[in-house]
Amino acid sequence: MAVAGRIAVRRPALAMRLGRALAPYLLVLPGSTWLILFFLFPLLTLAITSLMSGDFVSGFQLTWNFGNYTYGLALYATQYTHSVEYGVSATLIAFLFAYPTAYWITFHAGPRKSAYLLVLLLPFFVSFVLRTLSWETLMGDDGPLLGPLKSAHLIPSDFRVLATPIAVTFGLAYTFFPYMLLPIYASLEKIDKRLVEAAEDLYASRFEVVRRVIFPLSIPGVFAGVLLTGIPTTADFVNQTLLGGAGTTMIGRVIEQQFEVSANYPLASALAFVFMLGLLAMLLAYQRLFGTEELMRAR
Amino acid sequence: MTRDRDLPESLDAAWLRGLTQTRITRRTALAGAGALSLSAFLAACGIGGTQQNAVSHQNWVWDKATKAGTLDFANWPLYIDTAEDSAGNTTYPSLVEFTKQTGIKVNYSEPIQDNAEFFAKIAPQLQAGSAIGYDIIVVTNGIQLTNLMAKHWLTELDPTKLSNFFQNGSKRVLNRSFDAGNRFTIPWQSGFTGIAYNTKKISREINSYNDLYDPAFKGKVGMFTNTQDTGNLTLLGMGIKPQNSKPSDWQKAANKLKGLRDSGILRKFYDQSYIKALSAGDTVISMAWSGDVYQANLSAENTDLKFLLPKEGGVIWTDNMCIPLGAAHPLDAITYMNYVYDPKVAAQLAEAINYITPVSTAKAVVEQDAAAAPDAATRDSLQATANSSAVFPSDADLANTSYYRELNPTESTQWNDIFNAVILS
Amino acid sequence: MSAAVTARRPRFRVGSLVLPSYAHLVILWLFAPIIVMAIFGFNDTHGKYNFTWAGFTLKWFLHPFGIPTLVSALTNSVVTALSATTISTVLGTMLALASHRYDYRGRTLIDAVLVMNIAASEVVVGSALLTLFVTYGVGLGFVTIVLAQVMFSIPFVAITVRARLAGFDPALEEAAQDLGASPLQTFFLVTFPVIFPGVLAAFLLALAICLDDYVITSFVAGNTQTFPLWVFGATREGVPPQVNVIGTFIFGFGVLLAVGGATYRTWRERKLARESAIATRA
């Protein structure tokens, strides 16, 4: 009777233990399978396609053609530079706009803090293609903004904003503004107000409080914001197509054109892969410095 | 009679070797080469005629095709006559007429904005062997049409069902070099690529390609992103006949464009939105398509914009109707294709679209409509259409135009790379 | 002491003007295109182009759905986004739960893949998917759009839910299990209600991202049109005012949601305050 009791107790415990051990893997399985199938595996096909040669009509074959890389880089080096230039400038502009605003909301907006945050995020509810188009209308050479200024002779009549790198950069900063604002706001919000009070009690001026207490504590958010903004801005091509002009093409547009228009899949894949490797290098450097945990927490 | 299709490689151990390799048989290679190379030009002269007859039909569906009563027609925007009904919805009078005459209902859509873009959208489906959901598509002669034919993604047309076309189609459109014997395509409309400018902003006379390079228009000049339009017009502007040009000529043309860009005279390389920029005043002079200017003036209710062919020569292209592989209603499609070659229908379309109609006898019909017009404004406008060299060009006009340089796949990659280096920069 | 205070005050007053003005200017900058978009929805244009003011009219607001292709593009957008977001919310929440509760093998790898996904540029990911679909002859369209959208929204969901889980007290779960609840019961009766705001936030975030996605969708959509694709295509010929109207509606809907959410929260807080006041009084 005692033996029977022991056996009866052991079996469910084993099942439960097995279940508990397998639980994380079962939970993770669907999501990770999806990511492997539609994220990692396509990147592999991209890499393989970049080593092919041929043309659309007769088909492409894998010929280990590394020449696509050298050819692509030689041909489109300027466009990579444009992407980096505009991406960095746009991120900087977004930072300069976002940080003081986030700071003001966190520390000076009082009870209306969440209302202000909501107000700041509301415009991004509308499709970004529409918003960029509206900028195009607003910034037209003889549009609602520049037109009256020109008739009042406040600016020269051949002045223009559209079809210049400035338009593209500000357009990028605008489109990806929330990616900069939210992480910075999140990390500013987490700062213990008592530290600020303590600094002020120690006779620190407002500026010193920011410089020596607030800003250093918000750095994780700043870096998350920089990363989350910098990467999509470098890759974007919609802003540049709508707001840019001759000589402002970014590598994203070249890749898209090579895929869609020229159907030169190997060259396009090579260009895309180089771009991805560059970003990956940046990401690894970031991870080395701050670790992915910071990125997760700062959100 | 067998369907010549490229089947996708099945997943097996050799997948690494030939992921997108198509099966090339001798027959498809011959037909492909025939469509691509300059020998097709010879074919128009009659040598290739016999050669074509020797090749069996491709995608021949006419033995089994029956009238379905419905038709899916994919076209470019603003490329058909339109009217507004009482509720403010858009209707297409010529299509309504067609339905009345034949009982075939037309599902009209305008998904085609750009040949390459549209081709990129339908290519994966056609490659997989599935239908794209359209019975008629309109594609310009060029790299994409060549590819469509080379990959056997078009249904061969039955000449016996196109009596109107062979009877009324003007000399120019019959038997073009890019589709000898009109086996797969018949023209929808043709058009010129030339120069358009705003007469209110530019007071002097414009007549040359090099007017686009005038420093007086700094920052207000537009060119096309389309490598074929920009490349060919530039070659003509430099006095080089596109058909005889070599890659070294292409490089010279690209360098000339590079100079235009670097000097700041060029504002932007535009797609079809060039006409919006011209209307808005962002550009004052631009490369343009003939019919767009007419539409823009109509839309703005003025005649500020003017189109002209540069004296060095303009480019002419043809938008062609074709039936893609797997079309569900081919008989209805070919009935419509034949319908538009009726001079009355052609006139109706020409009056609305204002591009080069493929039926030259439509001119007489337009003049009749002008004479019968209810008021002076309509009569003047119709008469202007009848007299317009952009709708009914004379032989002299046509003599000064050139088709796109024909490119085989290797050449087209080279052409694209040379010009994209400037356009996409 | 008083000298230090008076010395600080003038600086503070200037600062108290500059900073708020700056913040409000930024807000104005953010709203500028929305205002333009809304205004031009009232433009009485006759032609195709909607960039010069031609008079005030309400007709676009009365017939916003007059363009059939636009309406079908909108419908496609909503349906694909909803389907994709539902799937990705489920998958992403599962990933978040696993990473929060357990320390399993491959956890750092999955974290890295998630971060890589967010960081990977849309052009690269979109083009990679296109090469995949083209290689295996998968027809592009509705299904491929949903597949792609699930793929890039999973990380956003996982991270948002994980952030919510971080503040979740495991003692609650342990208490439930001590009271005899099975793991499944624990999840549905204890864990899920607590993390629900996070899951909802993740759902809405993923929905917004999927609805607005242009780049990846443009690579894998084939012939199908979604709203951003339609609008971008329409820029060539001239965007009709109906698009502005629809955009204004969407913005208005967002305002309603925000105001509604805020009102609901204040109502809840007041209700709780009232109930606790009643309780203490009692």
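Residues numbered from 1 in each chain as written. Chains lettered and ligands numbered in written order. Predicted model: local features only at pLDDT ≥ 70, side-chain atom pairs only at ≥ 80, totals over all residues. Heavy atoms only, no water.

(A) Molecular detail of the overall build of chain A. Looking only at helices and strands, chain A has 12 helices and two strands in total. Element order for chain A, N to C, with α for helix and β for strand: α-β-β-α-α-α-α-α-α-α-α-α-α-α. What you see for chain A is a C-alpha radius of gyration of 26 Å, clearly larger than the 19 Å of a compact globule of 299 residues, by over 25%. Structurally, chain A occupies a C-alpha span of about 105 × 75 × 35 Å along its principal axes. For chain A, contacts bridging at least 24 residues in sequence account for 68% of all contacts bridging at least 6. With an accessible surface of roughly 13200 Å², chain A has 70% of that area assigned to carbon and sulfur atoms. Side chains of chain A give 20 positive and 17 negative charges; the mean places of these two sets differ by 18 Å. (Helix = DSSP H or I, 4+ residues; strand = E, 2+ residues; numbered from the N terminus. Rg over C-alpha atoms; globule rule 2.2 N^0.38 Å. Contact = heavy atoms within 4.5 Å. Areas by Shrake-Rupley, 256 points an atom, 1.4 Å probe, with all protein chains shown as cover. Lys, Arg positive; Asp, Glu negative; His and termini not counted. Charge placed at Lys NZ, Arg CZ, Asp CG, Glu CD.)

(B) Structural context of the interface of chain A and chain C. Contacts between the two partners involve 80 residues from chain A, matched on the other side by 80 residues from chain C. For the pair chain A and chain C, the summed buried area comes to about 7500 Å², and 83% of that belongs to carbon and sulfur atoms. Taken together, the connections running from chain A to chain C amount to one salt bridge. Taking the shortest distance from any N to any O, the salt bridge between C:Asp212 and A:Arg131 comes out at 3.8 Å. The interface formed by chain A and chain C holds seven residue pairs in polar contact (both at pLDDT 80 or more) in total. For the side of chain A that touches chain C, the element with the highest residue contribution is helix H1 (residues 2–49) of chain A, accounting for 22 residues. (Buried area = accessible area lost by both parts, 1.4 Å probe. Salt bridge = Lys/Arg side-chain N within 4 Å of Asp/Glu carboxyl O. Polar contact = N/O pair within 3.5 Å; in protein donor to acceptor, adjacent residues only side chain to side chain.)

(C) View of the packing of aromatic side chains. Residue and element names in this part refer to chain A. Using the criterion set out here, one finds 51 aromatic pairs over all chains in the structure. Between Trp135 and Tyr174, the ring centres sit 5.4 Å apart and the planes meet at 85 degrees, which makes this aromatic pair edge-to-face. Of this pair, Trp135 sits in helix H4 (residues 128–138) while Tyr174 sits in helix H6 (residues 165–175), placing them 39 residues apart in sequence. Comparing Trp135 with Tyr174, the two get one shared label, buried. (Phe/Tyr/Trp six-rings, centres within 6.5 Å; stacked < 30°, edge-to-face > 60°. Buried < 20%, exposed > 50% of the residue type's maximum accessible area, 1.4 Å probe, protein only.)

(D) Representation of the domain arrangement of chain A within the structure. Residue and element names in this part refer to chain A. Annotation of chain A at the domain level lists domain 1 (2–49) and domain 2 (77–296). Each of domain 1 and domain 2 has a C-alpha centre, and these two points are 40 Å apart. In this complex, domain 1 contributes four residues to the contact, which on the side of domain 2 involves seven residues. Counting each side, the surface lost to burial between domain 1 and domain 2 is near 430 Å², with a carbon and sulfur contribution of 84%. When the buried area of domain 1 at its contact with domain 2 is split by residue, Leu43, Leu46 and Thr49 rank highest and sum to 87% of it. (Domains from an automatic or database assignment.)

(E) Fine view of the pattern of salt bridges. Applying the stated rule across the entire model yields 20 salt bridges over all chains. Of the charged contacts in the structure, one is a salt bridge between A:Glu200 and A:Arg206, with a shortest N-O distance of 2.6 Å. Here B:Arg204 ties to B:Asp214 by a salt bridge, and the two come within 2.8 Å at their closest N and O atoms. Taken together, the positions of B:Arg204 in the loop between strand S6 (185–198) and strand S7 (221–224) and B:Asp214 in the loop between S6 and S7 put the pair 10 residues apart, joining distant regions of the chain. Within this structure, A:Asp141, B:Lys220 and B:Arg267 form a network of salt bridges that share partners.

(F) Region of interest: the domain arrangement of chain C. Residues and elements named next belong to chain C. Examined at the domain level, chain C breaks down into domain 1 (24–67 + 244–255) and domain 2 (70–239). A straight line from the C-alpha centre of domain 1 to that of domain 2 covers 31 Å. Facing the seven residues of domain 1 at the interface are eight residues of domain 2. Carbon and sulfur atoms supply 67% of the area buried between domain 1 and domain 2, which totals about 700 Å² over both sides. Counting across the domain 1 and domain 2 interface gives zero residue pairs in polar contact (both at pLDDT 80 or more). Of the residues that constitute the side of domain 1 that touches domain 2, the class distribution is five nonpolar, one polar and one charged. (Nonpolar A, V, L, I, M, F, W, Y, C, P; charged D, E, K, R; others polar.)

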